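Spelled out, the chains give:
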Amino acid sequence: VDCAVSQCNTLSVFPVFVLILQVHFGHWLIEGSPYVILFDIASAAWNLERWKGDLWQTCNIGLPYHDREANDSLILGSLIAWFFKELTDNLGDKPNVICHFHEWQAGPGLILSRSRKIPMATVFTTHATLLGRYLCAGNTDFYNNLGRFNIDKEAGERQIYHRYCLERAAVHCAHVFTTVSEITAVEASHMLHRRPDVVTPNGLNVKKFSAMHEFQNLHSTSKARIQEFVRGHFYGHLDFNLEKTLFFFIAGRYEFSNKGADIFLESLSRLNYMLRVHRNDVTVVVFFIMPAETNNFNVESLKGQAVRKQLWDTAHTVKEKFGKKLYDALLKGTIPDMNSILDRDDFTIMKRAIYATQIIFHPEFLSSTSPLLPMDYEDFVRGCHLGVFPSYYEPWGYTPGECTVMGIPSVTTNLSGFGCFMEEHVSDPAAYGIYVMDRRFRSADDSCNQLTQFMFSFCQQSRRQRIIQRNRTERLSDLLDWRYLGRFYIHARHLALSRAFPEKFKMDPIAPLKTEGFCYPRPYSVPPSPSASVHSTPHHSDAEDDDDESYDEDEEAEKDRLNIKSPFMLGAMPEVKKKQPGESGN
């Protein structure tokens, strides 16, 4: 606004900028209910051009007008820098402020805050480098050429140079730079030219997923709902036994190569061949849970589930008529002729229900309100037998982590942060149902064969073996809990304080993290043999499922707990889980 001031009968006009914007303050509706401040960037968008000028004068980074995401990040960053300037002016030096910025979109706020010398400690975390994701999506041999890329040229050719500059500037402005995994730390060293100070693995709120002793029963319940969906999906072609059917799934962004969908499909083809050659009676049904652009439901998809219900209703109708005729015949003391107990109308009804159509693609993400598969993602995961995530580019990987805390075995890779983390902290991940593919040092064909072998070995397990393995998988939940992984963030923030306010905070920069050396042993009952990494227990047939094989989940869990190699006390350890009466699972 313009403010007019009268002096000595002369009108002088001074430009005064008044920032008017909408701000919302409240609580985030998660455990702990932390305070949240939300800036309405649309209400401040009128000042964008001025802030673009500020950014250019600060670091010579220009933003094109057509990149709305970059422009929005600058608006937010300018508001953040303004907010923390006001906050620190009012607080003085008590208490000190730490601001943790995540991803390149938060970069402008960090850059502007440091350039204005706002007295606060800053941490910047990249969960994946911007250019790394683009290069991997372009089918480049990324990890074998990390030191050979012309970074500026690659970013310019992909029209993301300005975004890359924001990310790199934020990395070098931060007091402490972190990333989510060792594999991404190596990537960041080459892409952003700074080695992360701390690796901060992504944790989970395990309490949210915890089902204590019920997770095996939840698997059975959710699996039954998936079986109902499969009955409708394959109606008219259901020539396999659902009790001998395994459900595999892959989930994530619709990135065909980055998420490993390409190698998964090829491995499924090879698995199909192996199952046929070995005359294995197991059927594998695979779900690809990847959000994609769609317009509406496929009519055939809806029809499939409707026909399944119609078949069920028809069967019940015919059963009622059959039962009544059989009852009448027995009352008369005769055995009815089975060829005449059903009339022509009954056969017509059944044929009409059979001669329908078939379906294959369901264009909707999982939701409990879906008319196709009314299940939330969490319930769906619990109902599956194996999650397969053969990602080529996966800085962390929440999907296999979520499988783990719900007791579902999974396949990951040594190019994912999760896979590297498990190899570091678990002496034999496969014994716990975490199969780690080698996609870093093997060819694509060899990796594909390895994945095929993982899946084939899983298909050979008996029902009892799968139950035992799920118990072991769920036992790793505590390793992924924020209770433990939060210590890495605490370390990063202490380090930032020591660098921002060295006169007040002292910290040994070369002191090792207390979590180094923390390792889960091989499960107590698994033989100490290389072959143990393939199967959790020796193979046996389904007929042996109810035998008295010597396996005690409580005893094994207790002995494993005592054998955890840890250089420090973890605090209160979780109570040993006791099986409850009636607990079941398959």
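Residues numbered from 1 in each chain as written. Predicted model: local features only at pLDDT ≥ 70, side-chain atom pairs only at ≥ 80, totals over all residues. Heavy atoms only, no water.

Some details on the packing of aromatic side chains
For step 1, the next point in the chain: Inspection of every chain in the model, using the stated rule, returns 23 aromatic pairs.
For step 2, the next point in the chain: For the pair Tyr 143 and Tyr 392, a centre-to-centre distance of 5.5 Å together with 65° between the ring planes defines the contact as edge-to-face. In this pair, Tyr 143 is assigned in the loop between helix 4 (130-137) and helix 5 (151-157) and Tyr 392 in the loop between strand 11 (386-388) and helix 14 (398-405), connecting sequence segments 249 residues apart.
For step 3, the next point in the chain: Judged by relative accessible area, which is 11%, Tyr 143 ranks as buried.
For step 4, the next point in the chain: You can call Tyr 392 buried: its relative accessible area is 14%. (Phe/Tyr/Trp six-rings, centres within 6.5 Å; stacked < 30°, edge-to-face > 60°. Helix = DSSP H or I, 4+ residues; strand = E, 2+ residues; numbered from the N terminus. Buried < 20%, exposed > 50% of the residue type's maximum accessible area, 1.4 Å probe, protein only.)

Describing the sheet that holds strand 8 (residues 198-199)
For step 1, the next point in the chain: Within the open sheet, the four strands sit side by side as 5-6-7-8. Their pairing is parallel. Edge strands, defined here as strands with exactly one partner in the open sheet, are strand 5 (98-102) and strand 8.
For step 2, the next point in the chain: Of the strand pairs in this sheet, strand 6 (residues 121-126) and strand 7 (residues 176-179) are connected by four bridges, and their pairing is parallel. For Val 123, the partnering residue across the bridge sits in strand 7 and is Val 176.
For step 3, the next point in the chain: Taken strand by strand, helix 6 (residues 161-173) contacts strand 6 and strand 7, and its axis lies near 135° from that of strand 6. (Pairing = 2+ DSSP bridges. Contact = heavy atoms within 4.5 Å. Axes fitted to C-alpha atoms, helices over the stretch in contact; angles between N-to-C directions.)

What to know about a nonpolar patch on the surface
For step 1, the next point in the chain: A cluster of nonpolar side chains, Val 23, Phe 25, Tyr 35 and Ile 37, forms an exposed patch at the surface whose accessible area comes to about 450 Å².
For step 2, the next point in the chain: For the nonpolar patch, the secondary structure elements donating two or more residues are strand 3 (23-27) and strand 4 (35-39).
For step 3, the next point in the chain: Structurally, Phe 25 can be placed in strand 3.
For step 4, the next point in the chain: Since its relative accessible area comes to 60%, Phe 25 is described here as exposed. (Patch = residues over 30% accessible without salt bridge, like charges linked within 9 Å, V, L, I, M, F, W, Y side chains within 5 Å. Areas by Shrake-Rupley, 256 points an atom, 1.4 Å probe, with all protein chains shown as cover. Salt bridge = Lys/Arg side-chain N within 4 Å of Asp/Glu carboxyl O.)

Remarks on the sheet that holds strand 10 (residues 283-289)
The pairing of strands in a sheet comes from backbone hydrogen bonds and takes either a parallel or an antiparallel form.
For step 1, the next point in the chain: Spatially, the five strands line up as an open sheet ordered 10-9-11-12-13, and their pairing is parallel. The two strands at the open ends of the sheet, each matched to only one other strand, are strand 10 and strand 13 (434-437). With strand direction ignored, the average angle separating the axes of adjacent strands in the sheet is 25°.
For step 2, the next point in the chain: Of the strand pairs in this sheet, strand 9 (residues 245-251) and strand 11 are connected by two bridges, and their pairing is parallel. Looking across to strand 11, one finds that Phe 248 is bridged to Leu 386.
For step 3, the next point in the chain: Packing of helix 10 (residues 261-277) onto the sheet brings it into contact with strand 9, strand 10, strand 11 and strand 13, and relative to strand 10 it is tilted by some 170°.

Here's the deal with the packing of helix 10 against helix 16 (residues 444-460)
For step 1, the next point in the chain: Two numbers describe how helix 10 lies on helix 16: the axes approach to 8 Å, and their chain directions differ by 50°. Classified by the angle between their axes, helix 10 and helix 16 sit oblique to one another. For the pair helix 10 and helix 16, the crossing hand works out as right-handed. For the pair helix 10 and helix 16, the contacting residues are Ile 263, Phe 264, Glu 266, Ser 267, Leu 268, Arg 270, Leu 271, Met 274 and Leu 275 in the first and Ala 444, Asp 445, Ser 447, Cys 448, Asn 449, Leu 451, Thr 452, Gln 453, Met 455, Phe 456 and Cys 459 in the second. (Parallel < 35°, antiparallel > 145°, perpendicular 65-115°, else oblique. Left-handed = near helix turned anticlockwise from the far one by under 90°.)

Thoughts on helix 9 (residues 215-233)
For step 1, the next point in the chain: The terminal C-alpha atoms of helix 9, which comprises 19 residues, lie 27 Å apart, in line with the 27 Å expected from a rise of 1.5 Å per residue.
For step 2, the next point in the chain: Turning to helix 9, its buried residues are Phe 215, Gln 216, Asn 217, His 219, Ser 222, Lys 223, Ile 226, Gln 227, Phe 229, Val 230, Gly 232 and His 233. (Expected span 1.5 Å × (residues − 1).)

Side note on the side chain of Thr 413
For step 1, the next point in the chain: Secondary-structure assignment places Thr 413 in strand 12 (residues 410-413).
For step 2, the next point in the chain: The exposure class assigned to Thr 413 is buried, which follows from its relative accessible area of 0%.
For step 3, the next point in the chain: Dropping the residues within four chain positions of it, Thr 413 is found in contact with Phe 389, Pro 390, Ser 391, Gly 419, Cys 420, Val 436, Met 437 and Arg 439.

Thoughts on the nonpolar core
For step 1, the next point in the chain: Core analysis: the largest hydrophobic core is formed by 66 residues, its most contacted members being Val 230, Phe 249, Phe 287, Phe 380 and Met 455.
For step 2, the next point in the chain: Beyond its immediate stretch of four places on either side in the chain, Phe 287 contacts Ile 226, Phe 229, Val 230, Phe 247, Phe 248, Phe 249, Ile 250 and Phe 380.
For step 3, the next point in the chain: Core analysis: the next-biggest nonpolar cluster, separate from the first, contains 53 residues, Leu 79, Ile 111, Ile 118 and Leu 415 among them. (Core = buried A, V, L, I, M, F, W, Y, C linked by side-chain atoms within 4.5 Å.)

Considerations on the confidence of the model for the protein
Interpretation of the predicted coordinates at a detailed level should be avoided for regions scoring low in pLDDT.
For step 1, the next point in the chain: Summarising the model, the protein shows a mean pLDDT of 82, and 76% of its residues fall at 70 or more.
For step 2, the next point in the chain: Counting contacts from residues 530-548, a segment whose pLDDT is below 50, to residues more than four positions away or on other chains yields 38 contacts.
For step 3, the next point in the chain: The low-confidence segment residues 567-586, where pLDDT is below 50, has 47 contacts with residues more than four positions distant or belonging to other chains. (pLDDT = per-residue confidence, 0-100.)

A short note on the environment of Pro 196
For step 1, the next point in the chain: The topology assignment puts Pro 196 in the loop between helix 7 (182-191) and strand 8.
For step 2, the next point in the chain: Expressed as a C-alpha distance, the spacing of Pro 196 and Thr 125, which sit 71 residues apart in the sequence, is 8.9 Å.

Structural notes on the pattern of salt bridges
In a structure, side chains of opposite charge can pair up when their charged atoms sit close to one another.
For step 1, the next point in the chain: Taken as a whole, this structure holds 22 salt bridges when the rule is applied.
For step 2, the next point in the chain: Note that Lys 153 and Glu 157 form a salt bridge whose closest N and O atoms lie 2.7 Å from each other. With Lys 153 and Glu 157 both in helix 5 and four residues apart, the pair spans about one turn of that helix.
For step 3, the next point in the chain: A salt bridge links Glu 228 to Arg 231; the shortest N-O distance between them is 2.4 Å. With Glu 228 and Arg 231 both in helix 9, this residue pair falls three residues apart, about one helical turn.
For step 4, the next point in the chain: Accessibility expressed as a relative area gives 31% for Arg 231, which makes it partly exposed.
For step 5, the next point in the chain: A single network of salt bridges, built from pairs that share partners, joins Asp 67, Glu 69 and Arg 163.

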